[in-house]
Amino acid sequence: MVKELILYPDERINIASADVRNFDEELSDLVQDLKDTIEANHAEGLAAIQIAIPLSVVVAKDTEGNWHE
């Protein structure tokens, strides 16, 4: 699902992100939301905090179209 991007000066962008502790369906859904949001915004990558989720998760797409999570 495409999520709203959180941009500076929104204070939520400064929240410290927690480490990922559970590799479960919720994390899988978050990664998919990041991918959908990247595609919708023609971006190359996003961190979870940029969609107001304070977890240390980053998803990026390389020049060949491969996803890196």
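See the structure shown above.
If you're wondering where the values come from, they're calculated on a predicted model, not measured in any experiment.

Colleague: Got a minute to help me understand the nonpolar core in this structure?
Modeller: Side chains of a nonpolar character, in soluble globular proteins, are inclined to be buried together. Formed by Leu27, Leu30, Val31, Leu34, Ile38, Leu46, Ala48, Ile51, Val57 and Val59, the largest nonpolar core amounts to ten residues. In terms of residue count, the dominant contributor to this core is helix H1 (residues 25-40) (five residues). In this view, Ile51 contacts Lys3, Glu4, Leu5, Ile6, Leu30, Leu34 and Thr37; residues no more than four positions away in its chain are not counted.

Colleague: Is there a simple way to think about the pattern of salt bridges in this case?
Modeller: Should their charged atoms come close, side chains of opposite charge can pair. Applying the stated rule across the entire model yields four salt bridges. With a closest N to O distance of 2.7 Å, Arg12 and Asp10 form a salt bridge. Judged by relative accessible area, which is 38%, Arg12 ranks as partly exposed.

Colleague: Explain H1 to me, please; I cannot follow it from the model alone.
Modeller: Along an α-helix, residues three or four positions apart point the same way, because every turn accommodates 3.6 residues. With 16 residues, H1 extends 22 Å from end C-alpha to end C-alpha; this agrees with the ideal 22 Å at 1.5 Å per step. Taken together, the buried positions of H1 are Leu27, Leu30, Val31, Asp33, Leu34, Lys35, Thr37 and Ile38. Those residues of H1 that are buried lie in contact with strand S1 (45-47), strand S2 (58-61) and strand S3 (67-68). Measuring from the backbone nitrogen of Glu26 back to the side-chain oxygen at the start of H1 gives 3.3 Å, which picks out Asp24 as the cap. After H1 finishes, the residue His42 shows a positive phi value of roughly 50°.

Colleague: Sorry, what's going on with the sheet that holds S3 here?
Modeller: Here three strands make up an open sheet; going across it, the order is S1-S2-S3 and the pairing antiparallel. A strand with exactly one partner marks an edge of an open sheet, and here the two such strands are S1 and S3. Bridge count between S2 and S3: two bridges; the pairing is antiparallel. Bridge pairing in S3 places Lys61 opposite Trp67.

Colleague: Just to check I follow, could you spell out a negative patch on the surface for this structure?
Modeller: The grouping of Asp24, Glu25, Glu26 and Asp29 at the surface amounts to a negative patch. Of note, Asp24 is situated in the segment before H1. Asp24 gets classed as partly exposed once you look at its relative accessible area, which sits at 35%.

Reading the values: rules and limits
Residues numbered from 1 in each chain as written. Predicted model: local features only at pLDDT ≥ 70, side-chain atom pairs only at ≥ 80, totals over all residues. Heavy atoms only, no water. Core = buried A, V, L, I, M, F, W, Y, C linked by side-chain atoms within 4.5 Å. Buried < 20%, exposed > 50% of the residue type's maximum accessible area, 1.4 Å probe, protein only. Helix = DSSP H or I, 4+ residues; strand = E, 2+ residues; numbered from the N terminus. Contact = heavy atoms within 4.5 Å. Salt bridge = Lys/Arg side-chain N within 4 Å of Asp/Glu carboxyl O. Expected span 1.5 Å × (residues − 1). Polar contact = N/O pair within 3.5 Å; in protein donor to acceptor, adjacent residues only side chain to side chain. Pairing = 2+ DSSP bridges. Patch = residues over 30% accessible without salt bridge, like charges linked within 9 Å, V, L, I, M, F, W, Y side chains within 5 Å. Areas by Shrake-Rupley, 256 points an atom, 1.4 Å probe, with all protein chains shown as cover. Lys, Arg positive; Asp, Glu negative; His and termini not counted. Charge placed at Lys NZ, Arg CZ, Asp CG, Glu CD.

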